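Close look at the chain arrangement
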Amino acid sequence: MITAIYPGTFDPITNGHTDIVRRAAKLFDKVVVAVALNAGKEPACTLERRVELAETVLAEFDNVEVKSFSGLLVDQAKQENAEVILRGLRAVSDLEHEFQLAGMNRRLAPDIETMFLTPAERYTFTSSSLVRNVAAHGGDVSSLVHPIVEQALKDKYSMKTE
């Protein structure tokens, strides 16, 4: 049984993330979507809310679990008995940063491989930060996120303007 771990802040989870999970769920016996605390960023949603949204969005996949984590990814990967760290690449610009992360993770845990998947072409420009920015300014994100995420963003950003 091969387990892959797909880490990220998922703030919010986008259709691009879901596309990567869909692809991974076909390749691996188990996929753990690991929602990171990431103290270096100020998320739009709490960790608990990001986990809740990801669980709802990904509920259709029987072999996918959503969990929160903080600390080193390789430690979480070991805890989940993951053999693969899964990362999404949207564009060549992502590669340098992801390559550095993969190298460090290999140094820390040589027995865990990093694999990269690309999303469907229609999601290559989609990032959580762009979705947040568009939503914060009242833009339409309905084609970029699940309806429950769209509503969560509307709720979040409508409270800021009132």
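Please read all numbers here as calculations on a predicted model, not as lab measurements. (Residues numbered from 1 in each chain as written. Predicted model: local features only at pLDDT ≥ 70, side-chain atom pairs only at ≥ 80, totals over all residues. Heavy atoms only, no water.)

Focus on the overall build of the chain
The helix and strand inventory of the chain stands at 6 helices and 5 strands. Ordered by position in the sequence, the α and β elements of the chain form the string β-α-β-α-β-α-β-α-β-α-α. Its C-alpha atoms give the chain a radius of gyration of 15 Å, within 12% of the compact-globule value 15 Å for 162 residues. Its C-alpha atoms put the chain at 50 × 35 × 30 Å along the principal axes. Scored against the burial criterion, the 162 residues of the chain give a buried share of 48%. Pairs at least 24 apart in sequence give 77% of the contacts found in the chain among residues at least 6 apart. (Helix = DSSP H or I, 4+ residues; strand = E, 2+ residues; numbered from the N terminus. Rg over C-alpha atoms; globule rule 2.2 N^0.38 Å. Buried < 20%, exposed > 50% of the residue type's maximum accessible area, 1.4 Å probe, protein only. Contact = heavy atoms within 4.5 Å.)

Structural notes on the packing of aromatic side chains
For the structure shown, the criterion picks out 1 aromatic pair. Note on Tyr6 and Phe10: the rings are 5.3 Å apart at their centroids and 80° apart in plane angle, and the pair reads as edge-to-face. Overall, the relative accessible area of 5% leaves Tyr6 in the buried class. (Phe/Tyr/Trp six-rings, centres within 6.5 Å; stacked < 30°, edge-to-face > 60°.)

Considerations on a nonpolar patch on the surface
A surface patch of nonpolar side chains, amounting to about 270 Å² of accessible area, comprises Leu72, Met104 and Leu108. Tracing the chain through its elements places Leu72 in the loop between strand S3 (64–69) and helix H3 (73–79). (Patch = residues over 30% accessible without salt bridge, like charges linked within 9 Å, V, L, I, M, F, W, Y side chains within 5 Å. Areas by Shrake-Rupley, 256 points an atom, 1.4 Å probe, with all protein chains shown as cover. Salt bridge = Lys/Arg side-chain N within 4 Å of Asp/Glu carboxyl O.)

Considering helix H2 (residues 47–57)
The complete set of buried residues in H2 reads Leu47, Arg50, Val51, Leu53, Ala54 and Val57. The buried residues of H2 occupy an angular sector of 165° when the element is viewed end-on, so they sit on one face. (Arc of directions from axis to C-beta.)

A look at the UniProt feature "binding site: substrate" (unreviewed entry) in the chain
The UniProt record marks Thr9, Lys41, Leu73 and Arg87 with the feature "binding site: substrate" (unreviewed entry), using the residue numbering of this structure. Within the secondary structure, Leu73 sits in helix H3. In this structure Leu73 comes out as buried when scored by relative accessible area, which is 14%. Residues contacting Leu73, with those up to four places away along its chain left out, are Ile5, Pro7, Ile85 and Asn105. In this structure, Arg87 sits in strand S4 (residues 84–88). You can call Arg87 buried: its relative accessible area is 18%. Discounting residues that sit within four places of it in the chain, Arg87 has contacts with Pro7, Glu98, Leu101, Thr114, Met115, Phe116 and Leu117. (UniProt positions renumbered as here; feature names shortened; annotations may be inferred.)

As for the pairing of strand S2 (residues 30–36)
Residues in a regular strand point their side chains to alternate faces of the sheet. Burial within S2 is extensive, with 7 of its 7 residues counted as buried. With 6 bridges joining them, strand S1 (residues 3–8) and S2 adopt parallel strand pairing. Across the sheet, residue Tyr6 finds its bridge partner in S2, namely Val33. As for the winding sense of the linkage, the β-α-β connection from S1 through helix H1 (residues 15–27) to S2 is right-handed. The pairing of S2 with S3 spans 6 bridges and is classified as parallel. Counterpart to Val32 in the pairing with S3 is Glu65. (Pairing = 2+ DSSP bridges. Right-handed = clockwise from strand over helix to strand, strands pointing away.)

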